[in-house]
Amino acid sequence: MGTHRTAVVTGASSGIGAATAKALAAQGFRVVCAARRSDRLTSLAEEIRAAGGACEVVTCDVTSDSDVGELARISGDKVDVLVNNAGGAQGLEPVSGADLDAWQTMFDVNVLGVVRVTKALLPALVSAGDGIIVNVGSVAGRTAYEGGAGYTAAKHGLAVLTETLRLELFDQPVRVTEIAPGMVRTDEFSLTRFKGDRARADAVYDGVAEPLVAEDIADAITWMVTRPAHVNVDLLVIKPRAQAASHKVHRVVAS
Ligand code: 8X3
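Residues numbered from 1 in each chain as written. Predicted model: local features only at pLDDT ≥ 70, side-chain atom pairs only at ≥ 80, totals over all residues. Heavy atoms only, no water.

S.K.: Help me understand the side chain of R175 in this model?
M.R.: Along the chain, the position of R175 falls in strand β6 (residues 174-181). We classify R175 as buried; its relative accessible area is 6%. A polar contact is formed between the side chain of R175 and the backbone oxygen of P228, at a distance of 3.3 Å. (Helix = DSSP H or I, 4+ residues; strand = E, 2+ residues; numbered from the N terminus. Buried < 20%, exposed > 50% of the residue type's maximum accessible area, 1.4 Å probe, protein only. Polar contact = N/O pair within 3.5 Å; in protein donor to acceptor, adjacent residues only side chain to side chain.)

S.K.: Please clarify how the site of the ligand should be interpreted in this entry.
M.R.: Within the structure, the ligand sits among S138, A140, Y145, Y151, G182, F189 and R193. One of the side-chain nitrogen or oxygen atoms of S138 is found 2.5 Å away from an oxygen atom of the ligand. For the ligand, an oxygen atom lies 2.7 Å from a polar atom in the side chain of Y151. Here the ligand loses 82% of its free accessible area of 240 Å² to cover by the protein chains. Considered class by class, the residues forming the shell around the ligand number four nonpolar, two polar and one charged. (Near = heavy atom within 4 Å. Areas by Shrake-Rupley, 256 points an atom, 1.4 Å probe, with all protein chains shown as cover. Nonpolar A, V, L, I, M, F, W, Y, C, P; charged D, E, K, R; others polar.)

S.K.: Any chance you could explain the nonpolar core here in plain terms?
M.R.: Side chains of a nonpolar character, in soluble globular proteins, are inclined to be buried together. If you look at the biggest cluster of nonpolar residues, it comprises 36 residues, and the most contacted ones within it are L24, C33, I179 and I221. Every element with two or more residues in this core is listed here: β1 (6-10), α1 (15-26), β2 (30-35), α2 (38-50), β4 (81-84), β5 (131-136), α8 (214-225) and β9 (235-238). Top contributing element to this core by residue count: α8, with seven residues. Not counting the four nearest positions on each side in its chain, L24 is found in contact with A7, V9, F29, V31, V81, V83, T222 and V225. The next biggest cluster of nonpolar side chains, apart from the first, holds 23 residues, and it includes V68, L82, L122 and L165. (Core = buried A, V, L, I, M, F, W, Y, C linked by side-chain atoms within 4.5 Å. Contact = heavy atoms within 4.5 Å.)

S.K.: What should I look at first to understand the pairing of strand β3 (residues 54-59) in this one?
M.R.: Two faces belong to every sheet, and in a regular strand the side chains alternate between them. Of the strand pairs in this sheet, β2 and β3 are connected by six bridges, and their pairing is parallel. Paired with C33 across the strands is V57, a residue of β3. A crossover connection joins β2 to the parallel β3 through α2; in handedness this β-α-β unit is right-handed. (Pairing = 2+ DSSP bridges. Right-handed = clockwise from strand over helix to strand, strands pointing away.)

S.K.: I keep staring at the sheet that holds β9 and nothing clicks. Help me out?
M.R.: Strand pairing in a sheet is mediated by backbone hydrogen bonds. Such pairs are either parallel or antiparallel. With parallel pairing, the seven strands of this open sheet are ordered in space as β3-β2-β1-β4-β5-β6-β9. Strands with a single pairing partner mark the edges of an open sheet, and in this sheet they are β3 and β9. For this sheet, the mean inter-axis angle between neighbouring strands, taken without regard to orientation, is 15 degrees. (Axes fitted to C-alpha atoms, helices over the stretch in contact; angles between N-to-C directions.)

S.K.: Looking at this structure, how should I read helix α3 (residues 65-75)?
M.R.: One turn of an α-helix holds 3.6 residues; hence residues three or four places apart share an orientation. Where α3 is concerned, the buried positions are V68, L71, A72 and S75. In a view along the axis of α3, the buried residues occupy a sector of 95 degrees, so they form one face of it. In α3, the exposed residues that point more than 90 degrees away from the buried face are S66 and R73. Contacts from the buried residues of α3 go to β1, β2, β3 and α4 (100-127). One or two residues past the end of α3 sits G76, with phi positive at roughly 100 degrees. (Arc of directions from axis to C-beta.)

S.K.: What am I meant to see in the pattern of salt bridges here?
M.R.: Opposite charge on two side chains permits them to pair, given that their charged atoms come into close proximity. Under the criterion given, the structure shown has 14 salt bridges. A salt bridge links R37 to E188; its shortest N-O distance comes to 2.9 Å. In this pair, R37 is assigned in the loop between β2 and α2 and E188 in the loop between β7 (184-185) and α6 (189-193), connecting sequence segments 151 residues apart. Across the pair R73 and E70 runs a salt bridge whose closest N-O atoms are separated by 2.9 Å. Highlighted residues: R73 and E70, both in helix α3, separated by three residues, approximately one helical turn. Among the ionic contacts, a cluster of salt bridges with common partners joins R5, D80, D130 and R175. (Salt bridge = Lys/Arg side-chain N within 4 Å of Asp/Glu carboxyl O.)

S.K.: Please clarify how the environment of G182 should be interpreted in this entry.
M.R.: Following the sequence through the fold, G182 ends up in the loop between β6 and β7. Exposure remark for G182: the relative accessible area of 18% places this residue in the buried category. Separated by 39 residues in the primary sequence, G182 and I221 place their C-alpha atoms 14 Å from one another. Setting aside residues no more than four positions away along its own chain, G182 makes contact with V139, I238, K239 and Q243.

S.K.: In this structure, what is going on with the packing of α1 against α2? I would like to understand it.
M.R.: For any two helices packed against each other, the geometry comes down to the angle between their axes and how far apart the axes lie. Close contact between α1 and α2 brings their axes to 10 Å; oriented N to C, the two are set at 25 degrees. Considering the angle they form, α1 stands roughly parallel to α2. Where α1 crosses over α2, the handedness of that crossing is right-handed. On α2, the residues touching A18, A21, K22 and A25 of α1 are L44, E47 and I48. Grouping the constituent residues of the contact of α1 with α2 by class yields five nonpolar, no polar and two charged. (Parallel < 35°, antiparallel > 145°, perpendicular 65-115°, else oblique. Left-handed = near helix turned anticlockwise from the far one by under 90°.)

If you want it as structure tokens, here you go:
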């Protein structure tokens with residue numbers, strides 16, 4: 001265990017987070033998997049260990065100071081990789097019908113959660129001598145779309161947070177990066193956005209031959225963190241071939 005480099009992944013219980021935890025474990029990292037749902041984390045840890053990986057789990061809500069404190073304690077004095085993946089969208093209402101509770105949650109998780117976790121782990125990332133932070137943003141953090149404002153504003157916030165942190169850490173041995181995925185079909189992203197409405201969630205991917213999947217993003221994150229220490233991938237925008245832009249998606253409608 002002592003020789004492993006440590007990677008911390010938040011939102012690790014499903015989707016991009018779980019896939020990233022598995023991918024980094026396969027690269028030899030000791031992976032600290034953080035998420036709210038401990039039952040999911042337990043089965044993820046079993047899967048990683050069965051494949052020969054090193055893994056620890058922490059039940060952690062990124063909006064909780066005490067949970068994040070515990071995450072920092074378990075992560076240890078040196079953290080080589082931090083993947084701030086916990087996040088998500090709620091709703092697709094126009095600004096005129098904004099659900100402020102949903103906006104609060106989106107800012108709490110996508111922005112303040114990243115600040116809280118980053119702040120707690122930064123000393124360990126610096127101590128590692130070659131730390132890297134990967135913030136999982138979104139194309140929603142680069143462009144706007146109707147109905148998306150709570151999420152797009154939060155992910156724009158995350159993008160600027162990432163840029164600011166890179167400036168502030170310019171003389172420290174820590175790389176600061178963002179990956180901004182477009183359409184990724186995961187089990188939960190759209191289902192959460194539409195409060196469990198399966199038909200609405202599935203409609204997001206209607207007619208799209210091959211949306212990205214969580215493993216595509218995990219693969220890209222693995223590439224970013226395994227570049228030589230002097231190589232900082234500031235921003236990696238990644239979309240399926242069928243998605244030229246947020247609004248411009250090639251859909252094949254069944255006849
Ligand atoms: C997910 C991409 O287009 O649903 O972050 O905002 S989108």
